[in-house]
Amino acid sequence: MTTILGVSAFYHDSAAALIHNGEIIAAAQEERFTRKKHDPGFPLKSIEYCLKEAGTSLSKVDHIAFYEKPFLKFERLLETYVALAPKGINSFRAAMPVWLREKLFQKDMLIREFGKIDSDFKNGGREKLLFSEHHFSHAASAFYPSPFEEAVVLTLDGVGEQATTTVAIGRGNELNIEKEIHFPHSLGLLYSAFTYYTGFRVNSGEYKVMGLAPYGKPRFTQRILDKVVDLKDDGSFHLDQSYFNYCTGLTMTNKKFAKLFGEPVRKPDTDQLTQFHMDIAASIQAVVEESVLRLTRSLAAEYQTPNLCMAGGVALNCVANGKILRDGAFKNVWVQPAAGDAGGALGAAQAAWFQEFGKPRKINGSDSTKGSYLGPSFSEAEIERSLAAAGAVFKSYSEEETLLKAAQALTQSKAVGWFNGRMEFGPRALGARSILGDPRSPKMQKDLNLKVKFRESFRPFAPSVLREHVSEWFEISEDSPYMLMVADVQPAKRKPMTEEQEKLFGIDKLNVPRSEVPAVTHVDYSARIQTVHKETNPRYHALIEKFYQLTGCPIVVNTSFNVRGEPIVCTPEDAFRCFMGTNLEVLVCGNTILYKEEQNPALQEDYKNKYELD
């Protein structure tokens, strides 16, 4: 019996994952426990949770796998600074003290941190430590939990040690990287550069660019391909570094970049989003889509396998993923739900078990991530104790009564906090820590954005749809349990626009109902699909089934249970605080229900200004 702990840390989205004889037992991001968005620190609380969930201790863990190799990353930094000297001296002076003080000696640092969990670790723990490579961890997280015996594995992100894009082949328990594209040529950094240029925060605002893109026209696409990106027919690419500043500077882009597109970098505190920024977003989204489509088409032709697995931050671009699926070069596409660096913790552990130790891998026809419900859960007694201690007014019901009352609240267009079972691993709320709404309401999208989430009004919401009904409402017949595929609303469910509405541009399109489920229909008729399966989340499935019985609509609005800048809630206390700090009207925690009008007003918090904006 072998237990392996995987860890990712010290950049962003630190996490821990634990596997036992190859089975995934637990995984969680540190931000959920510390309440610090994208927490990059040593994932102490995540590790403690994983050990507790597995019923074990650090002394009984056989191996600890770290998700990347710090020395290789340091080597890449030095090579970059030397190659471009004397440019970058300020960046060099800022980076080197941290590397020389901490990151270069990460093995010793990890031993010290693990020693805080178990004082005996310092004596024999060094031999337990293993180090994977960044992109191999991503590739392992994509292939090993997938339902495929054999697959092409594509990873795309900003940068690991040297690689920014890798192609691997997985067969059985073997995974081998076949091709790489190296820094500074990176689709992830390209997208982040445009994220920075449009005034959003790098490493957290990329999904805003994706959400903004449908409001614009891709009128700069050819300019990007002519000047900035040399995109080959096989999907390989080369970025003209004269437009960027990320190699040696303290910003992503430079004056030449701004001159190419005709406007300076948007200042989010003072500059409004304009049609220009929407067109920029549409253009870079089109470039990334074309890049990944060329890549996947060439890989499918070269390797002649029907299966594709994906991971890395770029794999969270669900619009591009949906186009890969519809393109059909690969018949089957599986994307790791924790595709970013947090998922590297899981990948490192699995790489050790399957690749390093050569253990056999079992395929059972579905993926092995257990719906990505790998985080903490709380018993009814724990929920009631926590809520009582917080001063909440609540009542407990039978499961059937709870589901009916929650569904009825949704039919009344109320915003419902839904806290149910084990927390999700990855950036998407999948019906365990979710805010739910009625998708038929034309006001729901705007109200949830502005009054509950306190975020930009243009951002879309996802539909959670019963798996057995998905193709009736959306142009997709495949599973999409992790909200990582975008598909269009079925034409029969759309509402045609009037001649006047067709003339609207940009954000003016927002208030035009475009389908029978306007709250989850983006301005281009697309939707970010989550198929809900009875096998992986029976209670959430039962809630939507109840809503379907009441309304004839097998869909609910699903967004993460948090406000802008806040990590998704983890505990009942987190859920209650968020409930009291927002305009949520109902909170369902397990089988307890809370109504806002019954709560003590003195317990309300100012959540609108509590968290730093992302």
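Participant: Teacher, can you tell me more about the domain arrangement of the protein chain here?
Facilitator: The parts lose accessible area when they come together, and the size of an interface is often stated as this lost area. Domain boundaries assigned for the protein chain yield domain 1 (3-138 + 342-366), domain 2 (181-335) and domain 3 (380-603). Relative placement of domain 2 and domain 3: their C-alpha centres are 29 Å apart. Taken together, the contact pairs 22 residues of domain 2 with 24 residues of domain 3. Interface area for domain 2 against domain 3, summed over the two sides, is near 1900 Å², with a carbon-plus-sulfur share of 68%. Counting across the domain 2 and domain 3 interface gives one salt bridge.

Participant: Could you clarify how one ought to interpret the pairing of strand 6 (residues 150-156) in this entry?
Facilitator: Taken residue by residue, a regular strand's side chains alternate between the two faces of the sheet. Of all seven residues in strand 6, six are buried; the element is thus mostly enclosed. Relative to strand 7 (residues 163-171), strand 6 is paired through seven bridges, and the arrangement is antiparallel. Bridge pairing links Glu 150 to Arg 171 in strand 7. Turn length for the strand 6-strand 7 hairpin, with the two strands adjacent in sequence and antiparallel, is six residues. Strand direction decides the pairing type here: strand 6 and strand 11 (residues 307-311), joined by four bridges, are parallel. The residue bridging Leu 154 from the neighbouring strand is Met 310, located in strand 11.

Participant: What's the story with the nonpolar core in this structure? I'm lost.
Facilitator: Nonpolar side chains in soluble globular proteins tend to be buried together. In terms of nonpolar packing, the biggest core is built from 196 residues, with Leu 5, Phe 114, Leu 190, Phe 261 and Phe 474 touching the most fellow members. When residues of this core are assigned to their parent elements, the largest contribution, 14 residues, is made by helix 12 (residues 275-303). Residues in contact with Leu 190, not counting those within four places in the same chain, are Val 228, Val 229, Leu 239, Phe 244, Ile 284 and Val 287.

Participant: I'm lost on the pattern of salt bridges in this one. Help?
Facilitator: Two side chains carrying opposite charge are able to pair once their charged atoms lie near each other. Applying the stated criterion across every chain, the model contains 25 salt bridges. Arg 35 is paired through a salt bridge with Glu 566; the nearest N and O atoms lie 3.1 Å apart. Here Arg 35 is found in the loop between helix 1 (31-34) and helix 2 (44-54), whereas its partner Glu 566 is found in the loop between strand 19 (555-560) and helix 21 (572-581), with 531 residues between them in sequence. The buried category is assigned to Arg 35, whose relative accessible area is 17%. Judged by its relative accessible area of 1%, Glu 566 falls in the buried class. Where Glu 53 meets Arg 422, a salt bridge forms, and the shortest distance between an N and an O atom there is 3.9 Å.

Participant: How should the environment of Trp 353 be read in this particular structure?
Facilitator: Relative to the assigned elements, Trp 353 resides in helix 14 (residues 343-356). Excluding residues that lie within four positions of it along the chain, Trp 353 makes contacts with Thr 2, Ile 4, Ile 19, Asn 21, Gly 22, Gly 358, Lys 359 and Pro 360.

Participant: It is not clear to me how the packing of aromatic side chains should be interpreted in this structure. Could you clarify?
Facilitator: Evaluated as defined, the whole model comprises 25 aromatic pairs. Between the aromatic rings of Phe 244 and Phe 257, the centroid separation amounts to 6.0 Å while the plane-to-plane angle is 50°, which identifies the pairing as tilted. Residue Phe 244 is found in the loop between strand 10 (237-239) and helix 11 (255-261), and its partner Phe 257 is found in helix 11; the two are separated by 13 residues along the sequence. Owing to a relative accessible area of 0%, Phe 257 belongs among the buried residues under this scheme. Pairwise contacts between aromatic rings join Phe 183, Phe 194, Tyr 197, Phe 220, Phe 244, Tyr 246, Phe 257, Phe 261 and Phe 276 into one cluster. Above the face of the Tyr 243 ring, Lys 256 is positioned so that its terminal group lies 4.6 Å from the ring centre. Arg 266 extends its terminal NZ or CZ atom over the ring of Phe 200, reaching a point 5.2 Å from the ring centre.

Participant: Just to check I follow, could you spell out the side chain of His 135 for this structure?
Facilitator: With respect to the helices and strands, the residue His 135 is situated in helix 7 (residues 134-143). Leave out the neighbours within four places in its chain, and His 135 touches Thr 155, Asp 157, Gly 160, Glu 161, Ala 163, Thr 164, Thr 165 and Thr 166.

Criteria and cut-off values
- Residues numbered from 1 in each chain as written.
- Predicted model: local features only at pLDDT ≥ 70, side-chain atom pairs only at ≥ 80, totals over all residues.
- Heavy atoms only, no water.
- Domains from an automatic or database assignment.
- Contact = heavy atoms within 4.5 Å.
- Buried area = accessible area lost by both parts, 1.4 Å probe.
- Salt bridge = Lys/Arg side-chain N within 4 Å of Asp/Glu carboxyl O.
- Buried < 20%, exposed > 50% of the residue type's maximum accessible area, 1.4 Å probe, protein only.
- Helix = DSSP H or I, 4+ residues; strand = E, 2+ residues; numbered from the N terminus.
- Pairing = 2+ DSSP bridges.
- Core = buried A, V, L, I, M, F, W, Y, C linked by side-chain atoms within 4.5 Å.
- Phe/Tyr/Trp six-rings, centres within 6.5 Å; stacked < 30°, edge-to-face > 60°.
- Lys NZ or Arg CZ within 6 Å of the ring centre and 35° of its normal.

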